[in-house]
Amino acid sequence: MKADLHNHSYYSDGVLSPSELVELSNKASCDLFSLTDHDTTEGIIEAQLEADKLGITLINGVEISAFWHNMAIHIVGLGVDIDNDILQNGLEHNRKLRKVRAEKIALGLWRSGIKDALEKAQEISGGSMLTRTHFAQMLIKEGYCKDMKSVFRRYMTGKKPGGVRVEWKAFDEVINWIHSAGGKALIAHPFRYRMTHTKIKKMLYDFKEASGDGLEVVNANSSEEEISLGNQWSENYNLLASCGSDFHGWPNQRIQIGNLSDLPNTSRAVWSYL
Ligand code: AMP
Ligand code: MN
Ligand code: MN
Ligand code: MN
């Protein structure tokens, strides 16, 4: 089974259209593909049309920003009914928070001498949702930084000019949005949160207690050690395992759709439970 269950289109901070993503997953011989844009399911209708054309199984997905102990984390929802009101109201709430944050980011950048940040970031996003990534891309384009890593560090986090704290909903509530829509809730990219392993394990324990379903064991950037640890934790905490590249289609990135290591234990694979 070849699956890639974490991908972004230009409906959030990816570069490609939903159809282009499905085509790429077809070229990579994926059996299962999921579009998981940040806080929106808007691209799924187009992705489904393309998947039907090519005979690929599309799993409805979304990546939702949430809080665990006041830390922003990402929860991937898979197999969701996109017509569910509880889910859609939740996503709309998050998009409103994003809109307010974008204005605050622009204000912070303006204070540090960077003018018209909102308009310029909007030009890059092409009118879809504004994410921090769009501001980051704009700052690179304008020559303030050379790559994503440095622009996030110097401008988009903490007390930096474009660093804005957002009060996302606690993950219990986000799990409820996903469950109400019949989906499975998984902690995305557990190693990307600047947490010690002890803290990640505490988060996974709490996630299971809050009736969360799983975690991403394999990402495009996962090391062998991370995959082995993630797999062990999925067994220890009785959580399902998922795999997804977190493909955004940005230039100068090696990440490709469907190019992932195998899950070590497929009996826990999330696709058997969707
Ligand atoms: P947002 O959801 O608007 O807070 O933006 C978060 C997105 O920014 C993530 O999904 C990544 O795509 C991207 N991102 C966050 N931190 C970094 C980083 N250090 N380097 C590159 N991209 C990042
Ligand atoms: Mn992203
Ligand atoms: Mn994420
Ligand atoms: Mn993602």
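In case you missed it, the structure is sitting above this.
Scope of this entry: the structure provided in the associated data block. What you are looking at is a predicted structure, and each value in this text was computed from that prediction instead of being measured.

## Comments concerning the coordination of the manganese ion (ligand 2)
Right, so step 1: The protein atoms donating to the manganese ion (ligand 2) are Asp13 (OD), His38 (NE2) and His248 (NE2), with metal-donor distances spanning 2.1 to 2.3 Å.
Right, so step 2: Mapped onto the sequence, the residues coordinating the manganese ion (ligand 2) show the spacing D-x24-H-x209-H.
Right, so step 3: A separation of 5.4 Å is found between the manganese ion (ligand 2) and the manganese ion (ligand 3). Separated by 210 residues along the polypeptide, His38 in the loop between β2 (32–35) and α2 (44–54) and His248 in the segment after β7 (240–243) bring together distant segments of the chain. For the pair shown, His38 and His248 are each scored as buried.

## A word on the coordination of the manganese ion (ligand 4)
Right, so step 1: At the metal site, the manganese ion (ligand 4) is ligated by His6 (NE2), His8 (NE2), Glu63 (OE) and Asp246 (OD), and these contacts range over 2.1 to 2.2 Å.
Right, so step 2: All donor residues of the manganese ion (ligand 4) come from one chain, and their arrangement in sequence is H-x1-H-x54-E-x182-D.
Right, so step 3: Separating the manganese ion (ligand 4) and the manganese ion (ligand 2) is a distance of 4.4 Å. With a gap of 183 residues between them, Glu63 in strand β3 (residues 57–68) and Asp246 in the segment after β7 connect regions that are remote in the sequence. Of the two residues, Glu63 and Asp246, neither departs from the other in class, the shared state being buried.

## Observations concerning the sheet that holds β7
Right, so step 1: Pairing in this open sheet of seven strands is mixed, and the strands run β1-β2-β3-β4-β5-β6-β7 from one edge to the other. One side of each edge strand has no neighbouring strand; the edge strands of this open sheet are β1 (3–4) and β7.
Right, so step 2: One ladder, built from eight bridges, connects β3 with strand β4 (residues 71–78); its direction is antiparallel. Residue Glu63 lies in a different strand from β4, and its bridge partner there is Val76.
Right, so step 3: Most of the contacts of α2 go to β3, to which it runs at about 155°, and overall it touches β2 and β3.
Right, so step 4: Docked against the sheet, helix α7 (residues 171–180) engages β3, β4 and β5 (184–187), running at close to 160° with respect to β3.

## Examining the pairing of β4
Right, so step 1: In this antiparallel pair of consecutive strands, β3 and β4, the connection spans two residues, and His69 shows a positive phi of 50°.
Right, so step 2: Bridge analysis of β4 against β5 gives four bridges, and the strand direction is antiparallel. Bridge pairing in β5 links Val76 to Leu186.

Calculation rules
- Residues numbered from 1 in each chain as written.
- Chains lettered and ligands numbered in written order.
- Predicted model: local features only at pLDDT ≥ 70, side-chain atom pairs only at ≥ 80, totals over all residues.
- Heavy atoms only, no water.
- Donors = N, O, S within 2.8 Å, 3.2 Å for Na, K, Ca; no water.
- Helix = DSSP H or I, 4+ residues; strand = E, 2+ residues; numbered from the N terminus.
- Buried < 20%, exposed > 50% of the residue type's maximum accessible area, 1.4 Å probe, protein only.
- Pairing = 2+ DSSP bridges.
- Contact = heavy atoms within 4.5 Å.
- Axes fitted to C-alpha atoms, helices over the stretch in contact; angles between N-to-C directions.

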